[in-house]
Amino acid sequence: MAYANGRLPRSALAPITKAVNGQQAYLRKDAAAAFMAMNAESERVYGVTLRVSSARAAYRPLADQDYFWGLWIRGRGNLAARPGTSNHGWGIAVDLATPRMRSIVNQIGAKYGWAKKWSDASSEWW
């Protein structure tokens with residue numbers, strides 16, 4: 001069954017590493033499996049666990065997309081996709097917590113399907 005952006009049921013999602021604030025973050029199941037494989041290499045080779053800053057920096061329900069869009073259009077937040085169009089809403093995007101994590105993904109991510117060049121927000125450092 002197909003779902004709308006930002007309306008993926010929990011059954012379509014899988015956990016990834018916990019966010020730096022301790023919240024559990026989720027992605028679409030295939031993206032989560034690829035992220036976790038990439039994280040295993042990051043931990044093994046670099047000693048770094050790949051994390052997002054909060055659960056909202058991974059899969060983003062439509063209500064969260066509305067919130068971040070509102071901040072963006074009022075000039076009070078970071079770049080945000082129009083609600084219903086975000087890769088976060090498909091469960092296939094993360095905002096990494098640190099530049100070091102981003103650097104690691106730049107080095108190893110493509111073989112796991114994670115690369116900034118495929119981003120819908122290439123101007124963001126994360």
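In this report, we go over the structure that sits alongside the text. Note that the structure is a prediction, hence the values are computed from the model and not measured.

Looking now at the nonpolar core. Core analysis: the biggest nonpolar cluster contains 22 residues, and Ile 16, Leu 27, Phe 35, Met 38, Leu 50, Val 94 and Trp 114 have the highest contact counts within it. Counting only elements with at least two residues in this core, the list comes to α1 (29–46) and α3 (99–108). The leading source of residues in this core is α1, at 5 residues.

On the surface, a cluster of nonpolar side chains totalling about 280 Å² of accessible area is made up of Trp 72, Ile 73 and Leu 79. Mapped onto the fold, Leu 79 is located in the loop between α2 (62–73) and α3.

Taken as a whole, this structure holds 2 aromatic pairs when the rule is applied. Summarising the aromatic geometry, the rings of Phe 35 and Trp 114 are spaced 5.7 Å apart at their centres and angled 75° between planes, so their arrangement reads as edge-to-face. Residue Phe 35 is located in helix α1, and its partner Trp 114 is located in the segment after α3; the two are separated by 79 residues in the primary sequence. The class of Trp 114 is buried, set by a relative accessible area of 10%.

Rolled over the atoms, a probe sized like a water molecule indicates the empty space that remains. The tally for this structure, following the rule as stated, stands at 1 cavity of 30 Å³ or more. For the largest cavity, the calculated volume is near 40 Å³. Around the largest cavity, the lining residues are Arg 60, Gln 65, Phe 68, Ala 80, Ala 81 and Ser 86. Its residues placed into classes, the lining of the largest cavity shows 3 nonpolar, 2 polar and 1 charged.

Scoring rules and cut-offs
- Residues numbered from 1 in each chain as written.
- Predicted model: local features only at pLDDT ≥ 70, side-chain atom pairs only at ≥ 80, totals over all residues.
- Heavy atoms only, no water.
- Core = buried A, V, L, I, M, F, W, Y, C linked by side-chain atoms within 4.5 Å.
- Buried < 20%, exposed > 50% of the residue type's maximum accessible area, 1.4 Å probe, protein only.
- Helix = DSSP H or I, 4+ residues; strand = E, 2+ residues; numbered from the N terminus.
- Patch = residues over 30% accessible without salt bridge, like charges linked within 9 Å, V, L, I, M, F, W, Y side chains within 5 Å.
- Areas by Shrake-Rupley, 256 points an atom, 1.4 Å probe, with all protein chains shown as cover.
- Salt bridge = Lys/Arg side-chain N within 4 Å of Asp/Glu carboxyl O.
- Phe/Tyr/Trp six-rings, centres within 6.5 Å; stacked < 30°, edge-to-face > 60°.
- 1 Å grid on protein atoms, 1.4 Å probe; cavity = no way out; pocket = protein on both sides within 12 Å on 5 of 7 lines; lining within 4 Å.
- Points joined across faces, edges and corners; volume = space filled by probe spheres on them.
- Nonpolar A, V, L, I, M, F, W, Y, C, P; charged D, E, K, R; others polar.

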